[in-house]
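So you can see what is in the structure, the chains are spelled out below.
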Amino acid sequence: MRYSGLKVITEGLFGNKGWKPAWRNPAPKPAYDAIVIGGGGHGLSTAYYLAKNHGLTNIAVLEKGYLGGGNVGRNTTIVRANYFLPGNQEFYSHSLKLWEGLESELNYNVMHSQRGLINLFHSDGQRDAFARRGNAMITQGDDAILLDRDGVRELLPWLDFEQTRFPIYGGLLHPRGGTARHDAVAWGYARGADRRGVDLIQNCEVTGIDIEGGKVVGVQTTRGPIRAPKVGIVVAGRSSQVAAMAGMRLPIESHVLQAFVTEGLKPVINHVISFGMGHFYISQSDKGGLVFGGDLDFYASYAARGNLPMVEHVMEAGMTLMPMIGRARVLRSWGGIMDMSPDGSPIIDKTHVEGLYLDCGWNYGGFKAVPASGWCMAHLMATDTPHEVARRFRLDRFATGHLLDEEGTGSQHNLH
Amino acid sequence: MRLKCPLCGERDRREFYYSGAADYLSRPEAGAAPAAWDDYLHNRDNPAGVTRDLWYHEQGCAQWLVVTRNTVTHEITAVELVAGRAAE
Ligand SMILES: Cc1cc2nc3c(=O)[nH]c(=O)nc-3n(C[C@H](O)[C@H](O)[C@H](O)COP(=O)(O)OP(=O)(O)OC[C@H]3O[C@@H](n4cnc5c(N)ncnc54)[C@H](O)[C@@H]3O)c2cc1C
Ligand SMILES: [Zn+2]
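About the criteria used
- Residues numbered from 1 in each chain as written.
- Chains lettered and ligands numbered in written order.
- Predicted model: local features only at pLDDT ≥ 70, side-chain atom pairs only at ≥ 80, totals over all residues.
- Heavy atoms only, no water.
- Helix = DSSP H or I, 4+ residues; strand = E, 2+ residues; numbered from the N terminus.
- Rg over C-alpha atoms; globule rule 2.2 N^0.38 Å.
- Contact = heavy atoms within 4.5 Å.
- Areas by Shrake-Rupley, 256 points an atom, 1.4 Å probe, with all protein chains shown as cover.
- Donors = N, O, S within 2.8 Å, 3.2 Å for Na, K, Ca; no water.
- Tetrahedral: all angles 85-135°; square planar, octahedral: opposite > 155°, others 65-115°.
- Pairing = 2+ DSSP bridges.
- UniProt positions renumbered as here; feature names shortened; annotations may be inferred.

1. Details of the overall build of chain A
What chain A contains, in helices and strands, is 11 helices and 19 strands. Over its C-alpha trace chain A gives a radius of gyration of 22 Å, about what one expects of a compact globule, namely 22 Å for 416 residues. With the principal axes as the frame, chain A shows a C-alpha extent of 65 × 65 × 40 Å. At a minimum sequence separation of 6, the contacts of chain A that also span at least 24 residues come to 75%. Total accessible area computed for chain A in this model is approximately 16700 Å², and 53% of it derives from carbon and sulfur atoms.

2. As for the coordination of the zinc ion (ligand 2)
Residues and elements named next belong to chain B. Taken together, C5 (SG), C8 (SG), H57 (ND1) and C61 (SG) make up the full set of protein donors to the zinc ion (ligand 2), lying 2.1 to 2.3 Å away. Around the zinc ion (ligand 2), the 4 donor atoms are arranged such that angles at the metal cover 105 to 118°; this shape is classified as tetrahedral. Binding-site remark: the zinc ion (ligand 2) is held by donors from one chain whose sequence spacing is C-x2-C-x48-H-x3-C. Note that C5 is positioned in strand β1 (residues 2-5) and H57 in the loop between β4 (50-56) and β5 (64-70), a separation of 52 residues in sequence.

3. Describing the sheet that holds strand β11 (residues 226-227) of chain A
Residue and element names in this part refer to chain A. Across the sheet, 3 strands lie side by side as β9-β10-β11; this open sheet has antiparallel pairing. Edge positions in the sheet fall to β9 (206-212) and β11, since each has one partner strand and no second. As paired strands, strand β10 (residues 215-221) and β11 are joined by 2 bridges and run antiparallel to one another. Each bridged residue has a counterpart across the sheet, and for G218 the counterpart in β11 is R227.

4. What to know about the UniProt feature "domain: Rhodanese" (unreviewed entry) in chain A
Using the residue numbers shown here, the UniProt feature "domain: Rhodanese" (unreviewed entry) corresponds to residues 35-78 of chain A. Strand forms 18% of residues 35-78 of chain A and helix 32%; the C-alpha atoms that close the span are 29 Å apart.

Okay, structure coming up:
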């Protein structure tokens, strides 16, 4: 079924009886040409592009829970291409371009909103670093505008510019940055993959990976064994557990990241804003809630909830930056499990097992990567060669020293 | 979350700095192969369940601690001094 304005009107006139489920709910077949483990954003986009770009349609996505129940449905939805390092730059630039065509590509409203991202800076040194980053973004072909204090004041008059500790010096505006509706991205890719014949199999946990003579031959699941000559591991926070099924020990530590939303308010924040001196960032959802978050809780965790010290820290940072936020009431907070890598950058690579591929290490920035990660992972699985824009996301870069440490914070999983 | 420091008693999580898995205690020999260093610095078991990691009592006794805890429930079952262990 194609969605359109006309369809909405005719369905409205005839009692909305013609809508059908957006995807089938098939039972697993005994064998496929390829299997993607994990039905989050990255797994679903991988399946979609395997079918769309490479004509592989006899494939399945195996999800242990329900589609989109992981981080893809828990994040704060920031989409941007403001990376500095070669390797990251071209990848996120490619992703943003895919975002810009995603709604017509998927025939699905993912509510991609390029409302502009403003990263505030609070010292001369930080301004220089941001100016340099902005230049790198422009060189890459993306957009960046360095705003001085008056420039920021014009857009965001309600910030506390004169804080004694961290006065606002200006901001780096990335006009094409913004947000999207997280669930819709998962649903849009799911529907698109299903329409191309991909089996999306829910409540199907992978419990083992079958390897014979150094080659992958299939997986064991809670719904029985399934054979396939190609298997992609795309399970975000659970990467270490699934990779261990193939005897691998990954450079990943899982950490909890929290986020918060207030009651719905009238439009007040038009951009995505980040505070440069305390980890805090905020935007306003289309429903009116202020969506905000901060840093990791800092210790390894698989509990999809955090602790109170980080809640307090995030609230303090918010109050420092924009005292008006104190009048809003927080409705909910939650956490998601982040697959943190030692340099803060992802891995899209082959493994030591033939036919087994790995897509992980998204840290807390994997939502914006959903389109390009699927695009590049599908390319790798179908052609056995890395995609041009993801060629530096290698698993062995920690051993060879070709790190992509965007923040320059060093080889510790929780520092990125 | 509270950690029971063997020297200072039960203290708020905010007094401690988390450094990562207790793997950092098994430092390779000076002449070890590069693969051993890579494994030591980067690769982790990263269990969903009981783990042992290193915390520093930054705002207390300034001791490094090995904490045994559950990454799914956040339950803490043991806190030992790294210094004490080394002397064993
Ligand atoms: C609070 C928060 C805020 C964030 N904010 C942003 C942001 O603003 N911008 C941004 O770019 N990124 C953000 N992120 C990061 C982003 O959400 C993640 O990097 C990204 O969603 C991870 O990829 P995914 O969607 O494929 O993961 P998931 O949705 O977690 O998908 C992985 C799937 O694998 C399944 N799985 C696991 N084990 C198995 C198994 N054995 N068998 C079968 N299935 C299995 C899981 O059930 C899950 O559905 C944020 C994350 C959080 C938690
Ligand atoms: Zn102490």
